[in-house]
Amino acid sequence: MSDLLLITDMARLSKIFDQLAYGSNFSLRIVNNLEKGAEEIVIQKPDVVFVQTHLSGLSPEILLKHLKKQLGRKRSRFVLLATPGQLGKDTLKAYQGWLDISCNDSELLTAIQTLLTSLLSKNKTADAGTPSEEITDTTPVSTEPATVAKAGALAKFDFAAIPVAPDLSAMPSEPAAPKEASLEDQGITYSPRSRLSVYSEFNSSFDNAVNKTPEPEPLVSAAPEPEYKWNGEFIDTVDTVSPRSKRSTFLLWLAPVIVAVVVVTFLQKNRTVSKPVTVVAPPAVQPAEPSKSPIPAKPELDSKLAEKDVIKAIAENRPPKATASPSSASSRPSELPEFIPRYGFDKHYGTTNPGWERYKGQVTEFRVLREAKAIKAIQVIDRGGQGVPESFMKGVLRQVAKNPVFTVETSEKKEGYEIQRGRISGNIKVVFYRDEQGGKLRAFVIGWQ
């Protein structure tokens, strides 16, 4: 029975290979990361290894070197899963095959069957013509894409069509052939040397100490410790008083100050008494001009002066105004963070959505909103169906904030999702979209105020 190993984090490829394995005469193991793939190779060496490119951000060449280290001298075939845009000039030289994962499901399933027919048949031919010792095969079988042929019908891969060994018990016995001389008798090889045994006083003393060690005494079950139960009836409770807000404290402090200023102003106004003006007549040589009586002040002017005094007194006791905080636009980033893949930039998305940019990853989509060349919001959306990993989300928050401690402000359930809103710093808000059943993270949004 042939053994296949699939290393991919795409749910679509896992489903296609499950369809292929159903009812077939081979075993299939599926892992979703490079570390687990290396562990499976160590546990059991597979005949064919299908590996997806750019797993953990590594190139196809580095992936192949890492996996071959786990094989030792076992023969295995490696097939690369990638799109034509992800292949370099010399990428396929070290692989024994390539599958174009941009094809639809039916074409990709047929291509996998055709490629397995070719690889496993070559494995059988190689096993029949090579000695029993294991040899690492590094010769690539084919570097052409294994896609559906344009004309002609592809042979259906029959994994059950494996020749069965004849029953030797039913065959007539033949005379035994003369026994040939062994390689040791012919002088070609030598039998392995027997291992040297080293004797020391430490070994003898250690053996004596082990033999003289008494048998362990049986364990006696310890008596259970007494349980202490708390009686809540005798516990005194203290009612906590909610602290006053800064606004109410400021108003309580400002009210007596205003009252004191008004009282002082009123007393000063009443103490000012207008003194009478004495008019001295001129000498008798010239006729005296008629004296002009002083014009009394208008009450409207007095009230305005009183209001000015009150406003001035309040301004003297008012705390200085806080300096204006810098504009939020200055604290917004202008360059893309490292977690956004530059190679997946969609050039046509901005024409229909002004101000937005879109970057497509393997299973994740990133949308960036800019305002005056500064980033205002970033949307991270799952496209693979498995949800956004929590470790990836925490790594994103650590890149955009120094202390990414999420504080929940509101939470609501809507259309099968639980929406959590909060912030991780003074001007960065975060919104999480999770499944209502299971809590799997489907998307999250980061916004700068």
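Residues numbered from 1 in each chain as written. Predicted model: local features only at pLDDT ≥ 70, side-chain atom pairs only at ≥ 80, totals over all residues. Heavy atoms only, no water.

J.: How would you explain the overall build of the chain if you had to name every residue and give the values?
T.: A tally of helices and strands in the chain yields ten helices and 13 strands. Counting every position in the chain, which comprises 449 residues, the buried fraction comes to 27%. Partitioning the intrachain contacts of the chain with sequence separation of at least 6 by distance along the chain shows that 55% fall at a separation of at least 24. (Helix = DSSP H or I, 4+ residues; strand = E, 2+ residues; numbered from the N terminus. Buried < 20%, exposed > 50% of the residue type's maximum accessible area, 1.4 Å probe, protein only. Contact = heavy atoms within 4.5 Å.)

J.: Can you explain the sheet that holds strand 7 (residues 356–360)? Please cite residues and give values.
T.: Taken together, eight strands build an open sheet; the order of strands is 6-7-8-9-13-12-11-10 and the sheet is antiparallel. Where the open sheet ends on each side, the last strands, each with one partner, are strand 6 (345–346) and strand 10 (407–414). Sheet topology note: the strand 9 (residues 374–382)/strand 13 (residues 441–448) ladder contains five bridges and is antiparallel. Within the sheet, the bridge partner assigned to Ile-381 lies in strand 13 and is Ala-443. Lying over the sheet, helix 10 (residues 390–400) contacts strand 8 (364–371), strand 9, strand 12 (428–435) and strand 13, oriented at roughly 5° with respect to strand 13. (Pairing = 2+ DSSP bridges. Axes fitted to C-alpha atoms, helices over the stretch in contact; angles between N-to-C directions.)

J.: I'd love a proper account of a nonpolar patch on the surface, names of residues and values included.
T.: Taken together, the side chains of Val-259, Val-263, Phe-266 and Leu-267 present a nonpolar region at the surface, about 380 Å² in accessible area. For Leu-267, the position within the fold is in helix 7 (residues 246–271). Residue Leu-267 is classed as partly exposed on the basis of its relative accessible area of 43%. (Patch = residues over 30% accessible without salt bridge, like charges linked within 9 Å, V, L, I, M, F, W, Y side chains within 5 Å. Areas by Shrake-Rupley, 256 points an atom, 1.4 Å probe, with all protein chains shown as cover. Salt bridge = Lys/Arg side-chain N within 4 Å of Asp/Glu carboxyl O.)

J.: Describe helix 3 (residues 60–69), listing the residues and the values that go with them.
T.: Three- or four-residue spacings in an α-helix give side chains the same orientation, since the helix completes a turn every 3.6 residues. Buried residues of helix 3: Pro-60, Leu-63, Leu-64 and Leu-67, and no others. Considered in projection along helix 3, the buried side chains sweep an arc of 95° and stay on one side of the axis. Facing away from the buried side of helix 3 by over 90 degrees, the exposed positions are Lys-65 and Lys-69. (Arc of directions from axis to C-beta.)

J.: Provide a residue-level description of the nonpolar core, including the pertinent values.
T.: Within the largest apolar cluster, 23 residues are counted, with the highest numbers of intra-cluster contacts made by Ile-340, Ile-378, Phe-444 and Ile-446. Those elements that provide at least two residues to this core are strand 8, strand 9, helix 10, strand 12 and strand 13. Among the nonpolar cores identified, the runner-up in size contains 22 residues, and Ile-16, Ala-111, Leu-119 and Leu-120 belong to it. (Core = buried A, V, L, I, M, F, W, Y, C linked by side-chain atoms within 4.5 Å.)

J.: Describe the sheet that holds strand 4 (residues 77–82), and please don't skip the residues or the numbers.
T.: With parallel pairing, five strands are arranged side by side in an open sheet as 2-1-3-4-5. Lying at the two open borders of the sheet, with one neighbouring strand each, are strand 2 (26–31) and strand 5 (97–100). Pairwise comparison of adjacent strand axes, ignoring direction, gives a mean angle of 20° for this sheet. Judged from the six bridges that link them, strand 1 (residues 2–7) and strand 2 form a sheet pairing that is parallel. Following the sheet pairing, Leu-4 is matched in strand 2 by Leu-28. On top of the sheet, helix 1 (residues 11–21) reaches strand 1, strand 2, strand 3 (48–52) and strand 4; it is set at about 165° to strand 2, its chief contact.

J.: I'd like a rundown of helix 2 (residues 34–43), residues and numbers included.
T.: Taken as a whole, helix 2 has its buried residues at Leu-34, Gly-37, Ala-38 and Ile-41. Within helix 2, the buried residues cover an arc of 100° as seen down the axis, which keeps them to one side. Along its buried surface, helix 2 packs onto strand 1, strand 2 and helix 3. The N-cap residue of helix 2 is Asn-33: its side-chain oxygen and the backbone nitrogen of Glu-35 are 3.3 Å apart. (Polar contact = N/O pair within 3.5 Å; in protein donor to acceptor, adjacent residues only side chain to side chain.)

J.: Please provide a residue-by-residue account of the confidence of the model for the chain, values included.
T.: With 59% of its residues at a pLDDT of 70 or more, the chain has an overall mean of 74. Below pLDDT 50 for its whole length, residues 277–282 participates in two contacts with residues either more than four positions away or in separate chains. Confidence drops under pLDDT 50 across residues 322–330; counting only partners more than four residues distant or on other chains, this segment forms two contacts. (pLDDT = per-residue confidence, 0-100.)

J.: Residue-level account of the packing of aromatic side chains, with values.
T.: Scanning the model with the defined rule gives seven aromatic pairs in all. Pairing Phe-345 with Tyr-359 gives two aromatic rings, centres 5.2 Å apart and planes at 45°, and the pair type is tilted. On the criterion of sequence distance, the pair formed by Phe-345 in strand 6 and Tyr-359 in strand 7 is long-range, its members being 14 residues apart. A relative accessible area of 6% places Tyr-359 in the buried class. On the basis of an interplanar angle of 40° and a centroid distance of 6.1 Å, the ring pair of Phe-432 and Phe-444 is categorised as tilted. Of the two residues, Phe-432 is situated in strand 12 and Phe-444 in strand 13; the sequence distance between them amounts to twelve residues. Judged by its relative accessible area of 3%, Phe-432 falls in the buried class. Feature note: the residues Phe-339, Phe-366 and Phe-392 constitute an aromatic cluster, connected by ring pairs. (Phe/Tyr/Trp six-rings, centres within 6.5 Å; stacked < 30°, edge-to-face > 60°.)

J.: Run through the layout of surface pockets, naming residues and quoting values.
T.: The probe, sized like a water molecule, is rolled over the atoms to show the empty space still left. Approximately 1,000 Å³ is the volume found for the largest pocket. As for the largest pocket, its lining consists of 33 residues, of which Asp-9, Val-363, Thr-364, Pro-389 and Phe-392 are closest to the centre. A class-by-class count of the residues in the lining of the largest pocket yields 14 nonpolar, 16 polar and three charged. (1 Å grid on protein atoms, 1.4 Å probe; cavity = no way out; pocket = protein on both sides within 12 Å on 5 of 7 lines; lining within 4 Å. Points joined across faces, edges and corners; volume = space filled by probe spheres on them. Nonpolar A, V, L, I, M, F, W, Y, C, P; charged D, E, K, R; others polar.)

J.: Give me the lowdown on unusual backbone geometry, citing residues and values where you can.
T.: One can expect most non-glycine residues to show negative phi and most peptide bonds to be in trans. In this structure, Ala-372 takes a positive phi of about 55° despite not being glycine. Position of Ala-372 among the secondary structure elements: in the loop between strand 8 and strand 9. Residues other than glycine seldom take positive phi values, yet Lys-373 does so here, at roughly 70°. Structurally, Lys-373 is set in the loop between strand 8 and strand 9.

J.: Quick one: what's the story with the pattern of salt bridges, residue by residue and with numbers?
T.: Tallied over the entire structure, the rule returns 16 salt bridges. We note a salt bridge from Arg-29 to Asp-3, for which the minimum N-O separation is 2.6 Å. A residue pair is termed long-range when its members are at least 10 positions apart, and Arg-29 in strand 2 and Asp-3 in strand 1 qualify at 26 residues. Judged on exposure class, the residue Arg-29 and its partner Asp-3 are both buried. Among the ionic pairs, Asp-346 bridges to Arg-358, the shortest N-O distance being 2.5 Å.

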